[in-house]
Amino acid sequence: MSTFDTVGVLGLGLMGRGIAQVIAQSGLAVTVLEVDRDRLDTGVRAIGEFLAEGVRRGKVTESERAATLERITGTTDPADLKPVDLVIEAVVENPEVKRDLLGKIAAVVRDDAVVATNTSALSVTDLAASVPNPGRVAGLHFFNPAPLMPVVEVIAAVQTEPGVVDRLAAFVGEIGKTSVRAKDRPGFLVNRLLMPYLNDVIAELDAELATAEDIDVALKLGLGYRMGPLELLDLIGLDTHEHATSSAYRATLDSQFAPPPLLRQMVAAGYLGRKSGRGFRFGTHTAQETAR
């Protein structure tokens, strides 16, 4: 028997649709909520395309693809989430938007339904304060791309009841992921360690210690990393990293989290990595050209 029998996912952007796919592939029914039919159809179609690519690569069978899609029900009506045992919010990293949505959804779902937020940088404690019975609120931080990344952080807010964390950790295992538990601190565990490292790399690139390519090659081959730090930033999105570091810096006033000047310049110029076609390594316009 599963820890949660039915799950709701709020938002079908990059993270929301990845989370919905993972849960549906594990055999659970998922209800996905979007603000309008166009966004809903686009998100569900993207899940289908991701699964179709898996079929082409031999990672997913055609029957698994079809069964996964059958378990996903789309809606634009929050009332359709009333039966779910767990709801996972995965909308834009904006605290006002998240608080507003969580408060509205908490008023719809059952009082005993667990409410989770998939945030990478915002305070879960702050978000939980917008929900009646905040003891049922916790963080579930999936990594991008959710179908491929094997770890999920389970974050306890100040208000979170211990049993909720235990249930969510068990749920993560049931959907085929590995859970790690973390306190509600800026960046949680992974990003708290990752952000200063990436900031240092950007600063050294700006200081022309080495080229972007040589930095990535050296750290991949010298430390055994699967991806260089600048390649990783292009994949994450430079704007996403700037948002996360800015949020952590505001919360802590710790200089190791302060976004480096070159990062701010790249974001201001619209060079966001893969999503824009230009970044530190991706595209024809390099960070060193920007610095000069």
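Residues numbered from 1 in each chain as written. Predicted model: local features only at pLDDT ≥ 70, side-chain atom pairs only at ≥ 80, totals over all residues. Heavy atoms only, no water.

Draft legend 1. Summary view of the overall build of the protein chain. Summing up its helical and strand segments, the protein chain has twelve helices and eight strands in all. At 20 Å, the protein chain has a C-alpha radius of gyration in line with the 19 Å of a compact globule built from 292 residues. When its C-alpha atoms are laid out on the principal axes, the protein chain stretches across 55 × 45 × 35 Å. When each of the 292 residues of the protein chain is scored for burial, the buried share is 46%. Counting only carbon and sulfur atoms, one obtains 53% of the accessible surface of the protein chain, whose full area is about 13700 Å². Charge centroids of the protein chain, computed over 30 positive and 38 negative side chains, lie 2 Å from each other. (Helix = DSSP H or I, 4+ residues; strand = E, 2+ residues; numbered from the N terminus. Rg over C-alpha atoms; globule rule 2.2 N^0.38 Å. Buried < 20%, exposed > 50% of the residue type's maximum accessible area, 1.4 Å probe, protein only. Areas by Shrake-Rupley, 256 points an atom, 1.4 Å probe, with all protein chains shown as cover. Lys, Arg positive; Asp, Glu negative; His and termini not counted. Charge placed at Lys NZ, Arg CZ, Asp CG, Glu CD.)

Draft legend 2. Region of the structure containing the packing of helix α10 (residues 238–252) against helix α11 (residues 261–269). The contact between α10 and α11 brings their axes to 9 Å, and the two run at 130°. Comparing their axes, α11 and α10 come out oblique. When the axes of α10 and α11 are compared, the crossing they make is left-handed. Residue-level inspection shows L238, D239, H241, E242, T245 and S246 of α10 in contact with α11, the latter providing L263, R264, M266 and V267. In the contact of α10 with α11, the residues fall into four nonpolar, three polar and three charged. (Axes fitted to C-alpha atoms, helices over the stretch in contact; angles between N-to-C directions. Parallel < 35°, antiparallel > 145°, perpendicular 65-115°, else oblique. Left-handed = near helix turned anticlockwise from the far one by under 90°. Contact = heavy atoms within 4.5 Å. Nonpolar A, V, L, I, M, F, W, Y, C, P; charged D, E, K, R; others polar.)

Draft legend 3. Representation of helix α1 (residues 14–25) in the model. The first and last C-alpha atoms of α1 sit 17 Å apart over twelve residues, in line with the 16 Å expected at 1.5 Å per residue. By the criterion of burial, α1 is predominantly enclosed, with nine of the twelve residues buried. Taken residue by residue, α1 has M15, G16, G18, I19, A20, Q21, V22, I23 and A24 as its buried positions. G27 lies just past α1 and shows a positive phi near 110°. (Expected span 1.5 Å × (residues − 1).)

Draft legend 4. Spotlight on the nonpolar core. I23, L86, I88, L140, L168 and F171 are the most contacted members of the largest nonpolar core, which totals 34 residues. For this core, the element with the most residues is α1, which contributes six residues. For L140, the residues in contact, after removing those within four places along its chain, are I88, A116, T117, N118, V152, E153, V154, I155, L168, F171 and V172. Core analysis: the next-biggest nonpolar cluster, separate from the first, contains 22 residues, V84, I105, V115 and A128 among them. (Core = buried A, V, L, I, M, F, W, Y, C linked by side-chain atoms within 4.5 Å.)

Draft legend 5. Up close: the side chain of T160. In this fold, T160 is placed in the loop between β7 (151–156) and α6 (162–174). Judged by relative accessible area, which is 10%, T160 ranks as buried. For T160, the side chain forms a polar contact with the main-chain oxygen of V137, separated by 2.5 Å. At 2.8 Å, the side chain of T160 forms a polar contact with the backbone nitrogen of A157. (Polar contact = N/O pair within 3.5 Å; in protein donor to acceptor, adjacent residues only side chain to side chain.)

Draft legend 6. Structural detail: the environment of A90. Relative to the elements of secondary structure, A90 occurs in the loop between β4 (86–89) and α4 (95–106). Residue class for A90 comes out buried when judged on its relative accessible area of 10%. Distance in space between the C-alpha atoms of A90 and T119 is 7.3 Å, their sequence separation being 29 residues. Other than its neighbours up to four places away in sequence, A90 contacts L10, G11, G16, I19 and N118.

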